[in-house]
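# Working through the structure, step by step
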Amino acid sequence: MRHTYHDIECCAAKVALDQISGKWKPIILFHLSSGPLRFTELWREIPRVSKKVLLEHLRQLEAATLVERTVHNSFPPEVTYHLSSKGQELAPILQQLEQWALTHIEGVVQIS
């Protein structure tokens, strides 16, 4: 069956991809799919991202209710990030996308 969308903004796939698109969001979601991480742990896992950009993307993922932020009552305050239930539902889809990419990446991108 062919889908027709008169307004591209109503395309469900586009709406979904807008939530996770960007250079760092899929990588953040990938790392958080293994469990909660403190900000600095997550930043160390993604060494090429600046702290400012990482924080910005985490806030966007929080706004999309894919990631939750927990502030622990300690000194100094400790903040951890983890996938929300909505984000956990997305994790297997991202894993499937990763498998698809690994199958079809040869000849397109050189893996280093």
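Heads up: the structure comes first, above all this text.
Let me sum up the structure you'll find in this document.

What counts and how
- Residues numbered from 1 in each chain as written.
- Predicted model: local features only at pLDDT ≥ 70, side-chain atom pairs only at ≥ 80, totals over all residues.
- Heavy atoms only, no water.
- Axes fitted to C-alpha atoms, helices over the stretch in contact; angles between N-to-C directions.
- Helix = DSSP H or I, 4+ residues; strand = E, 2+ residues; numbered from the N terminus.
- Parallel < 35°, antiparallel > 145°, perpendicular 65-115°, else oblique.
- Contact = heavy atoms within 4.5 Å.
- Phe/Tyr/Trp six-rings, centres within 6.5 Å; stacked < 30°, edge-to-face > 60°.
- Lys NZ or Arg CZ within 6 Å of the ring centre and 35° of its normal.
- Buried < 20%, exposed > 50% of the residue type's maximum accessible area, 1.4 Å probe, protein only.
- Pairing = 2+ DSSP bridges.

Next up on the list: the packing of helix 1 (residues 12-20) against helix 2 (residues 25-32). Between two packed helices, both the angle of their axes relative to each other and the distance between the axes serve to describe the pair. Helix 2 packs onto helix 1 with a crossing angle of 75 degrees between their chain directions and a minimal axis gap of 8 Å. Relative to helix 2, helix 1 is oriented roughly perpendicular. Contact residues: helix 1 offers Asp18, Gln19 and Ile20, while helix 2 offers Lys25, Pro26 and Leu29.

Okay, the packing of aromatic side chains next. Applying the stated criterion to the full structure yields 0 aromatic pairs. The ring of Trp43 has Lys51 lying over it, and the distance from NZ or CZ to the ring centre is 4.5 Å.

Relative to the elements of secondary structure, Val71 occurs in strand 2 (residues 67-72). Taking the C-alpha atoms as reference points, Val71 and Arg38, 33 residues apart in sequence, are found 9.9 Å from one another. Excluding residues within four positions of it along the chain, Val71 makes contact with Glu78 and Val79.

Take unusual backbone geometry next. The omega angle of the peptide bond from Phe75 to Pro76 is -5 degrees, so this bond is cis rather than trans. Relative to the helices and strands, Pro76 resides in the loop between strand 2 and strand 3 (78-83). One non-glycine residue, Thr65, lies in positive phi territory at about 55 degrees. Among the secondary structure elements, Thr65 is positioned in the loop between helix 4 (51-63) and strand 2. Note on Thr65: relative accessible area 42%, which makes it partly exposed.

Regular strands show a simple pattern: their side chains alternate between the two faces of the sheet. Pairing geometry for strand 2 and strand 3, over 6 bridges, is antiparallel. Looking at strand 3, one finds that Glu68 is bridged to His82. Taking the residues between adjacent antiparallel strands as the criterion, strand 2 and strand 3 are bridged by 5 residues.

This brings us to the sheet that holds strand 1 (residues 37-38). Judged by pairing direction, the sheet is antiparallel, and its 3 strands sit side by side in the order 1-3-2 without closing on themselves. The open sheet has two free edges, formed respectively by strand 1 and strand 2, since each of these has just one partner strand. Here strand 1 pairs with strand 3 via 2 bridges, running antiparallel. Looking at the pairing, Leu37 lines up with Tyr81 of strand 3. Where helix 2 meets the sheet, it contacts strand 1, strand 2 and strand 3, and its direction lies at approximately 95 degrees from that of strand 3.

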